[in-house]
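A structural walkthrough
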Amino acid sequence: MADDIESIEYVTSLSRPAKGCAGNTGEWRVFKPVKDDSKCNNCLICWIYCPEACISKEGINIDYQYCKGCGMCAEECPTKAIEMIKEDKF
Ligand code: SF4
Ligand code: SF4
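In this text the structure is predicted, and so the values were computed from the model without any measurement.

Attention shifts here to the pattern of salt bridges. Within the structure shown, the criterion is met by three salt bridges. In this structure, E52 engages K68 in a salt bridge whose closest nitrogen and oxygen atoms are separated by 3.0 Å. Residue E52 is located in the loop between α1 (45-49) and α2 (72-76), and its partner K68 is located in the loop between α1 and α2; the two are separated by 16 residues in the primary sequence.

Written out as structure tokens, the structure is:
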């Protein structure tokens, strides 16, 4: 057991968007998150929660190639700046 915090080894993992065995995750999407810039305060909560890591920190841009439309970003956004819109193809 470590005696002090400096001696504890940490293991971190970083998620990166990637193509899955069923294609790009963006191809699964039924609802698309659309951000209203006038409501966004750049708090980065959506960036933290996105399970596909497809929201960029710079400008809070969503990479629709990998966004699977789960809606977590919209659910967690404190200012309700993200709306889930049904895709045209459905
Ligand atoms: S959670 Fe909402 S307010 Fe915060 S950065 Fe994302 S879109 Fe903007
Ligand atoms: S809907 Fe939002 S949280 Fe879900 S994958 Fe797309 S950008 Fe990420």
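A few words on the confidence of the model for the chain. Of the residues in the chain, 86% have a pLDDT of 70 or more, and the chain-wide mean is 87. Within the chain, α2 carries the highest mean pLDDT (98), whereas α1 carries the lowest (96).

Cut-offs and rules
- Residues numbered from 1 in each chain as written.
- Chains lettered and ligands numbered in written order.
- Predicted model: local features only at pLDDT ≥ 70, side-chain atom pairs only at ≥ 80, totals over all residues.
- Heavy atoms only, no water.
- Salt bridge = Lys/Arg side-chain N within 4 Å of Asp/Glu carboxyl O.
- Helix = DSSP H or I, 4+ residues; strand = E, 2+ residues; numbered from the N terminus.
- pLDDT = per-residue confidence, 0-100.

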